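Spelled out, the chains give:
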Amino acid sequence: MGLFAISACKGSGESQSEDPFTATNFNLYDQNLGKRIEAYHNANTPGSETEKGTPALYIDFSSGINKAFSDPKIKSMMSACFNTILSQQFEVYKLGSNKISLLNVANTTELGQQVSDPKQYADIWAPLQSSVEKIVAGNGDALLITDFEEWQKNVEVTNTAFLKIPFSKWLEKGNSIHFFIADYQEGKVNKHLYFTIFSYGHPDAGSLISKLESKLSPSTTRFDLSNSICQLSTAYPSEKSGGIFYDENAKSDKAKNVLDLKEGYINGLKNGHNFEFYPLGLDWKSIDQLHNTYAAQNQFNDFFRKLFIDLSNEDSYTFGNFCVKVSDVTADFENFAKADEAKKHQPKLSKGNNGEAKFSDQEKDAIALACYNADGKLKEQWIYKAQASNPLNEVFTLNQTLFTNTRASNPKHIEFGVSFDPKFSIANIPDPDGLIRVDILSKTATPNLQGAKMAKFEWINAKNTSNTALSESIKNTLQELKPVDKVVYAYYIKTKQ
């Protein structure tokens with residue numbers, strides 16, 4: 001099973017007998033297989049990073065905006081934000097005079113005093129593009145409070161999509177942006193203040209969006225900018241059962257578990273990762289026989305059920321069809337697992353007679369000696385690079401009838417079912433011992449570029465000029481990043497060898 005993966009990792013001069021993982025009897029498929037698959041999935045999925053940087057608050061101190069900050073509703077929301085934010089470690093930045101300055105404030109009171117002080121609003125030069133670029137270059141949540149009026153070279157930016165590039169970069173990493181828009185008036189001009197939350201990775205209870213949405217939603221219009229589908233849930237019978245087929249008519253739990261799901265099952269969705277791993281005690285031949293047996297009773301038509309998606313939020317996109325893609329990822333997974341293991345075997349180094357770097361005479365680790373150069377750097381062939389998987393046709397397909405019917409009855413609770421393809425045959429799985437990946441993908445998605453919410457990203461300025469720079473940034477981002485052929489969820493299946 002592993003020969004293809006091994007040869008793909010080798011330098012041209014190596015033979016398979018020299019593979020250090022074979023020589024040391026390293027077993028990729030031991031009791032740590034689930035952890036390896038989780039690491040493999042996360043390495044190939046944007047937004048799976050778990051390390052978050054310090055959250056940050058960016059406040060626009062350009063002149064005129066203090067008018068917004070004195071509006072009672074807005075003032076109340078800002079106080080609520082400050083109280084929530086400053087209860088933890090936080091970086092606070094002031095935007096003004098073409099600079100992004102770190103504000104040293106010890107508590108909410110100090111920050112409130114600065115925001116309420118008219119002398120702090122000296123000019124109109126809040127560097128918004130630079131601020132968004134700084135947020136996007138980081139790896140943490142951020143709240144930006146601004147009217148999004150950008151001035152560059154003393155000229156107001158009114159129609160250039162100046163934030164399209166940083167917005168797109170943020171979304172491409174699997175992140176999202178949430179705008180809470182408050183209306184206010186500056187003289188005779190109708191304006192908007194944007195409480196803009198840059199949400200890093202998959203939100204959890206500690207995320208800024210989770211903490212602030214209840215404080216901001218009542219008095220604002222909300223718009224979610226995202227090309228990810230995070231609203232997934234499961235309704236599995238138990239924590240360790242997963243969504244595979246069970247024979248509910250059987251007498252015992254063991255008898256119900258006809259596919260013999262093992263202890264190593266992982267539900268990544270519990271930790272915000274859209275995947276599951278199913279180690280099964282049956283081989284594909286036995287699964288095929290079961291499928292045929294139960295088909296006579298009109299059962300076991302679906303391999304996976306009870307995964308639900310909420311498609312009711314159409315701020316960014318209206319989603320159309322979805323589909324299922326099946327592939328054998330054995331070779332790519334084995335490359336990853338070996339490269340990942342190699343990183344744990346840093347060699348001991350010493351100096352040679354002429355001061356050159358060399359392996360220590362005490363270094364006996366075969367993996368370290370084979371995978372590293374004498375200077376202690378990993379050899380190129382042991383640095384993981386994703387490779388194409390082998391597509392498998394006529395194995396599984398989406399249960400389209402289930403999807404259509406549940407969508408019609410409740411767009412917040414649409415069920416995905418993965419069915420056996422009508423032409424299913426174990427001959428369609430050339431390596432029955434391989435690691436199989438089943439992806440659910442979004443097939444079509446239409447960006448929503450019009451409507452009452454989108455209109456909130458435009459305004460008429462004091463010179464009676466229409467400012468569409470922010471709306472153009474958002475529209476261009478949506479058009480460029482359409483989530484077509486994008487993986488929504490992945491199942492990994494490893495059958496008995």
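What counts and how
- Residues numbered from 1 in each chain as written.
- Predicted model: local features only at pLDDT ≥ 70, side-chain atom pairs only at ≥ 80, totals over all residues.
- Heavy atoms only, no water.
- Helix = DSSP H or I, 4+ residues; strand = E, 2+ residues; numbered from the N terminus.
- Pairing = 2+ DSSP bridges.
- Axes fitted to C-alpha atoms, helices over the stretch in contact; angles between N-to-C directions.
- Contact = heavy atoms within 4.5 Å.
- Expected span 1.5 Å × (residues − 1).
- Buried < 20%, exposed > 50% of the residue type's maximum accessible area, 1.4 Å probe, protein only.
- Arc of directions from axis to C-beta.
- Core = buried A, V, L, I, M, F, W, Y, C linked by side-chain atoms within 4.5 Å.
- Salt bridge = Lys/Arg side-chain N within 4 Å of Asp/Glu carboxyl O.
- Polar contact = N/O pair within 3.5 Å; in protein donor to acceptor, adjacent residues only side chain to side chain.

1. Side note on unusual backbone geometry
Alright, step 1. If you check the backbone angles, Asn-25 has positive phi at about 55 degrees while not being a glycine.
Alright, step 2. Along the chain, the position of Asn-25 falls in the loop between α2 (20–23) and α3 (33–43).
Alright, step 3. One non-glycine residue, Asp-485, adopts positive backbone phi at about 55 degrees.
Alright, step 4. Mapping Asp-485 onto the fold places it in the loop between α16 (469–480) and β25 (486–494).

2. A word on the sheet that holds strand β19 (residues 396–398)
Alright, step 1. With antiparallel pairing, the four strands of this open sheet are ordered in space as β10-β13-β20-β19. Every other strand in the sheet has two partners, leaving β10 (232–234) and β19 as the edge strands with one partner each. For this sheet, the mean inter-axis angle between neighbouring strands, taken without regard to orientation, is 30 degrees.
Alright, step 2. Contacts from helix α14 (residues 400–409) reach β13 (302–309), β19 and β20 (414–420) within the one sheet, and its direction differs from that of β20 by about 170 degrees.

3. Let's talk about the sheet that holds strand β21 (residues 435–442)
Sheet strands line up and pair through hydrogen bonds in the backbone, either parallel or antiparallel.
Alright, step 1. Strand order in the open sheet formed by six strands is β11-β12-β25-β21-β15-β18, and the pairing between neighbours is mixed. Two strands close off the open sheet at either side, each with one partner strand: β11 (266–267) and β18 (390–392).
Alright, step 2. By the bridge criterion, three bridges tie strand β15 (residues 322–328) to β18 in an arrangement that is antiparallel. Looking across to β18, one finds that Val-326 is bridged to Leu-392.

4. What to know about helix α11 (residues 284–295)
Structural remark: α-helix, 3.6 residues per turn; residues separated by three or four positions point the same way.
Alright, step 1. Helix length check: α11 (12 residues) gives 16 Å between terminal C-alpha atoms against 16 Å at 1.5 Å per residue, within 8%.
Alright, step 2. Regarding α11, the residues found buried are Trp-284, Ile-287, Asp-288, Leu-290, His-291 and Tyr-294. Taken around the axis of α11, the buried residues stretch over an arc of 160 degrees, which confines them to a single face.
Alright, step 3. Residues of α11 that are buried in the fold lie against β13, β19, β20, β21 and β25.

5. A word on the nonpolar core
Alright, step 1. In terms of nonpolar packing, the biggest core is built from 83 residues, with Phe-179, Phe-303, Phe-322 and Phe-396 touching the most fellow members.
Alright, step 2. Contact partners of Phe-322, with chain neighbours within four places excluded, come to Ile-229, Ile-309, Leu-311, Leu-398, Gln-400, Phe-403, Phe-416, Ile-440, Leu-441, Ser-442, Lys-443 and Val-488.
Alright, step 3. Counting residues in hydrophobic clusters, the runner-up holds 31 residues, among them Met-77, Cys-81, Ile-209 and Leu-212.

6. Structural notes on the pattern of salt bridges
Alright, step 1. In the structure shown here, the tally under the stated rule is 25 salt bridges.
Alright, step 2. The partner of Asp-19 in a salt bridge is Lys-338, with the nearest N and O atoms 3.8 Å apart. With a gap of 319 residues between them, Asp-19 in the loop between α1 (3–9) and α2 and Lys-338 in helix α12 (residues 330–342) connect regions that are remote in the sequence.
Alright, step 3. Between Glu-363 and Lys-348 there is a salt bridge, with its nearest N and O atoms 4.0 Å apart. Of this pair, Glu-363 sits in the loop between β17 (357–359) and α13 (366–371) while Lys-348 sits in the loop between α12 and β16 (349–351), and the two are 15 residues apart along the sequence.
Alright, step 4. Salt bridges sharing partners connect three or more residues here, namely Asp-147, Glu-149, Glu-186 and Lys-191.

7. Details of the environment of Gly-434
Alright, step 1. With respect to the helices and strands, Gly-434 occurs in the loop between β20 and β21.
Alright, step 2. Relative accessible area serves as the criterion here: at 0%, Gly-434 is assigned to the buried category.
Alright, step 3. The spatial distance from the C-alpha of Gly-434 to the C-alpha of Phe-90 is 47 Å, given a sequence separation of 344 residues.

8. Re the side chain of Arg-36
Alright, step 1. Considering the arrangement of structural elements, one finds Arg-36 in helix α3.
Alright, step 2. Among the polar contacts made by the side chain of Arg-36, one reaches the main-chain carbonyl oxygen of Leu-28 at a distance of 2.8 Å.
Alright, step 3. Discounting residues that sit within four places of it in the chain, Arg-36 has contacts with Phe-26, Asn-27, Leu-28, Tyr-29, Asp-30, Phe-333, Phe-336 and Ala-337.

9. Topic: the pairing of strand β4 (residues 142–146)
Alright, step 1. Burial of β4 is extensive: five of the five residues sit out of reach of the surface.
Alright, step 2. Side chains Ala-142, Leu-144 and Thr-146 project from β4 onto one buried face, and the interleaved Leu-143 and Ile-145 project onto a second face that is buried too.
Alright, step 3. As paired elements, strand β1 (residues 56–60) and β4 share four bridges and run parallel to each other. Looking across to β4, one finds that Tyr-58 is bridged to Leu-144.
Alright, step 4. Relative to strand β8 (residues 189–199), β4 is paired through five bridges, and the arrangement is antiparallel. Each residue of the ladder has a partner; that of Ala-142, found in β8, is Phe-198.

Nothing here speaks to function; it is geometry throughout.
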